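Notes for the structure review
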Amino acid sequence: MSSREMILTLKDGVRVIRINRPKTKNAFDSNVYTTITNTLTEDAQNDNVVVTIITGTGEYYSSGFDIKSAMSKFGSGEEKGVDELKAMINAFIIYPKLLIALINGPAIGIAVTTAALCDIVYASERATFETPFLRIGLCAEGCSSYNFPNILGRSKASEMLFLGKKMKAHEAYQFGFVAEVIPHEKLDEFRNKLLKLGKELSVNGVKITKKLILNNYKNVLCECNERELNQLVECFVSEEFSEGIMKFMSRKSKL
């Protein structure tokens, strides 16, 4: 099963979700949201799936929100965009199997916050992590207001969420955000090793262990998602967001 912009494969118990929008640096648009949501929701009930890996095509893992899509859906106050985002984040939170983010390059915004919702994050040495929400008039999302302080500590989390500080792969490893940093030229080899996990792990063992872990904070994350999205909706219709996007597009046009 695949589409031009989202490539889905399933072999030997391992589902791979690959964002295939290199022209947009794999930005998340409506199709990305719904494909990830639907795949995780369906695979949750499918015991042929033991492990799910999310990765990107090309130089970027993902540049975050697709600005045009975000402006048309959220800026107009349309509820559908909020519902799509909420559903995707909740699908990450409650997914009952092993969920791995394989970060092949720079990750920005929603790509970083959803990676933090995965069980394991592996990163190429070329990967970077950046959440420049405040620069465009937005706020924390993807449960980052809870996850980042818990994973990174209050100070580093605040540096990322308030100041938009970019974190490199090895720094992300030092702070426990990433489990392992992979030399970029060995990324394909490493991915092939991950593709063997479906044969090595018991699906029941995976589900039981994941349930035990999720019981500690699943409700907390779902409530956090709700709070953040309520604030995000207000940000999207604000003058600060409009001005922030204009500045962003102006800088982009000069590149």
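Structural data are supplied above this passage.
Here goes a summary of the coordinates provided. Predicted model only: the values in this text are computed from it and were never measured.

1. Thoughts on the overall build of the protein
Helix and strand counts for the protein stand at 12 helices and nine strands. On C-alpha atoms alone, the protein measures out to a radius of gyration of 17 Å, which is about the 18 Å that the 2.2 N^0.38 rule sets for 255 residues. Overall, the C-alpha framework of the protein stretches about 50 × 40 × 40 Å when taken along its three principal axes. Scored against the burial criterion, the 255 residues of the protein give a buried share of 51%. Restricting the contact set of the protein to residue pairs at least 6 apart, pairs at least 24 apart contribute 73%. By element, 52% of the accessible surface of the protein is carried by carbon and sulfur atoms, the whole surface being about 12700 Å².

2. What to know about the pairing of strand β3 (residues 51-56)
Of all the six residues making up β3, six are buried; the element is thus mostly covered by neighbouring parts of the structure. Burial along β3 is two-sided: the face carrying Val51, Ile53 and Thr55 and the face carrying Thr52, Ile54 and Gly56 are both buried. Sheet topology note: the strand β2 (residues 14-19)/β3 ladder contains six bridges and is parallel. Pairing of Ile19 across the sheet is with Gly56, part of β3. This β-α-β element, β2 to helix α1 (residues 30-44) to β3, shows right-handed connectivity. Inspection of the sheet shows β3 paired to strand β4 (residues 98-103) by four bridges, in the parallel sense.

3. With respect to the environment of Asn90
As for its position among the elements, Asn90 is in helix α3 (residues 79-94). Between the C-alpha atoms of Asn90 and Glu226, which are 136 residues apart in sequence, the distance is 9.5 Å. Non-local contacts of Asn90, meaning those with residues more than four positions away in its chain, are made with Cys222 and Asn225.

Analysis parameters
- Residues numbered from 1 in each chain as written.
- Predicted model: local features only at pLDDT ≥ 70, side-chain atom pairs only at ≥ 80, totals over all residues.
- Heavy atoms only, no water.
- Helix = DSSP H or I, 4+ residues; strand = E, 2+ residues; numbered from the N terminus.
- Rg over C-alpha atoms; globule rule 2.2 N^0.38 Å.
- Buried < 20%, exposed > 50% of the residue type's maximum accessible area, 1.4 Å probe, protein only.
- Contact = heavy atoms within 4.5 Å.
- Areas by Shrake-Rupley, 256 points an atom, 1.4 Å probe, with all protein chains shown as cover.
- Pairing = 2+ DSSP bridges.
- Right-handed = clockwise from strand over helix to strand, strands pointing away.

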